[in-house]
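Architecture and fold: a report
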Amino acid sequence: MAGDSEAHLSQQDENTAARQPFLIGVSGGTASGKSSVCERIVEKLGQNEVENRQRRVAVLSQDSFYKELTAEQKAKALKGQFNFDHPDAFDNALIMQTLRQILQGETVQIPVYDFVTHSRKEEFVTVYPADVVLVEGILMFYSQEIRDLFQMKLFVDTDADTRLSRRVLRDINERGRELEQVLSQYITFVKPAFEEFCLPTKKYADLIIPKGANNLVAINLIVQHIQDILNGGQTKRQNGFVNGHGAPRQRRTSESSSRPH
């Protein structure tokens, strides 16, 4: 009887491991097109037409995990004098907790951040268990503890002028900022933080995506890989294989370290 119980528990453990989601990290500079890449991937997989609870591919944003600001920090933020691009601006403990829950197949509650008032809203977004989860953010690869949770890492590489123009339009139209404040914040915080914290993490990427969501060749390759994961089953994935071939786990030298920054 004891042997049967142990075998049953062992089978349960194997089934739990077999259902473990495939985590994909998506990083890149501000307004590089990270969310657009994720949206295009979800769209090409047809998951955008599926009800949230039934989706096999889910997307999370690091922006949801900004820390709660003190009254003093919020006053600075409203003047564009708070550095939201620094690693300390994010609640990494909550990110780790959330990703671990996702890996355990749990339903998670994601905070909603208000970029106009610089505070968390009272409501949450529910993310249900999925086979593949994309997590995008400017510093997703900065913390090794978080970085090591991703089975695939993508870096969206868009030129600085394009990113700046997108950032200006977004902050003015969507977040109610003034042009002078946006440019001052970019020069004071965004650009230096990108060069110090974000750009160096490019070397950890398995795949670098120039031109973001407009790079259909790269998007289609990623979509095909995810489709193989969805079709191939979790057991093959846990063994590191997709359709009988080894899945890429390490970054390719030709795609990352040999590229000039």
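One can find the structure itself at the top, above this paragraph.
In this report, we go over the structure that sits alongside the text. On a predicted model such as this, the values are computed, not experimentally measured, just so you know.

Re the overall build of the chain
The helix and strand inventory of the chain stands at 9 helices and 9 strands. For the chain, buried positions account for 47% of its 261 residues.

Remarks on the packing of helix H2 (residues 34-44) against helix H8 (residues 216-232)
Closest axis-to-axis distance for the H2/H8 pair is 10 Å, and the angle between their directions is 55 degrees. Relative to H8, the element H2 is oriented oblique. H8 is crossed by H2, and the crossing has right-handed handedness. Contact residues: Val 37, Arg 40, Ile 41 and Lys 44 in H2; Leu 216, Ile 219, Asn 220, Ile 222, Val 223 and Ile 226 in H8. Per-class residue counts for the contact of H2 with H8 are 7 nonpolar, 1 polar and 2 charged.

A word on the pattern of salt bridges
Under the criterion given, the structure shown has 9 salt bridges. The shortest N-O distance in the salt bridge between Arg 56 and Asp 131 comes to 2.5 Å. Of the two residues, Arg 56 is situated in the loop between H2 and strand S2 (57-61) and Asp 131 in the loop between strand S4 (119-127) and strand S5 (132-136); the sequence distance between them amounts to 75 residues. Given the relative accessible area of 17%, Asp 131 is considered buried. For Asp 91, the salt bridge goes to Arg 120, with nearest N and O atoms at 3.5 Å. A residue pair is termed long-range when its members are at least 10 positions apart, and Asp 91 in the loop between helix H3 (71-78) and helix H4 (92-103) and Arg 120 in strand S4 qualify at 29 residues. Here the salt bridges share partners, and the residues they tie into one network are Arg 167, Arg 170, Asp 171, Arg 175 and Arg 177.

Quick word on unusual backbone geometry
Positive phi is not limited to glycine here, since Ala 31 has a value of about 60 degrees. As for its placement among the helices and strands, Ala 31 is situated in the loop between strand S1 (22-28) and H2. Even without glycine at this site, Lys 211 takes up a positive phi of about 70 degrees. By the element assignment, Lys 211 lies in the loop between strand S7 (207-210) and H8.

Thoughts on H4
Helix length check: H4 (12 residues) gives 16 Å between terminal C-alpha atoms against 16 Å at 1.5 Å per residue, within 8%. When H4 is considered as a whole, its buried residues turn out to be Ile 95, Met 96, Thr 98, Leu 99, Ile 102 and Leu 103. Buried positions in H4, seen along its axis, are confined to an arc of 165 degrees and lie on one side of it. Buried positions along H4 lie against S1, S2, strand S3 (108-114), S5 and helix H5 (144-147). Looking one or two residues past H4, Gly 105 carries a phi angle of roughly 80 degrees, positive in sign.

Examining the pairing of S1
Most of S1 is tucked away: 7 of the 7 residues are buried. By the alternation rule, side chains of S1 split into Phe 22, Ile 24, Val 26 and Gly 28 and Leu 23, Gly 25 and Ser 27, which are all buried. Direction of pairing for S1 relative to strand S6 (residues 152-157): parallel, over a ladder of 5 bridges. Note that in S6 the partner of Gly 28 across the bridge is Val 156.

The rules behind the values
Residues numbered from 1 in each chain as written. Predicted model: local features only at pLDDT ≥ 70, side-chain atom pairs only at ≥ 80, totals over all residues. Heavy atoms only, no water. Helix = DSSP H or I, 4+ residues; strand = E, 2+ residues; numbered from the N terminus. Buried < 20%, exposed > 50% of the residue type's maximum accessible area, 1.4 Å probe, protein only. Axes fitted to C-alpha atoms, helices over the stretch in contact; angles between N-to-C directions. Parallel < 35°, antiparallel > 145°, perpendicular 65-115°, else oblique. Left-handed = near helix turned anticlockwise from the far one by under 90°. Contact = heavy atoms within 4.5 Å. Nonpolar A, V, L, I, M, F, W, Y, C, P; charged D, E, K, R; others polar. Salt bridge = Lys/Arg side-chain N within 4 Å of Asp/Glu carboxyl O. Expected span 1.5 Å × (residues − 1). Arc of directions from axis to C-beta. Pairing = 2+ DSSP bridges.

Keep in mind these values describe shape, not function.
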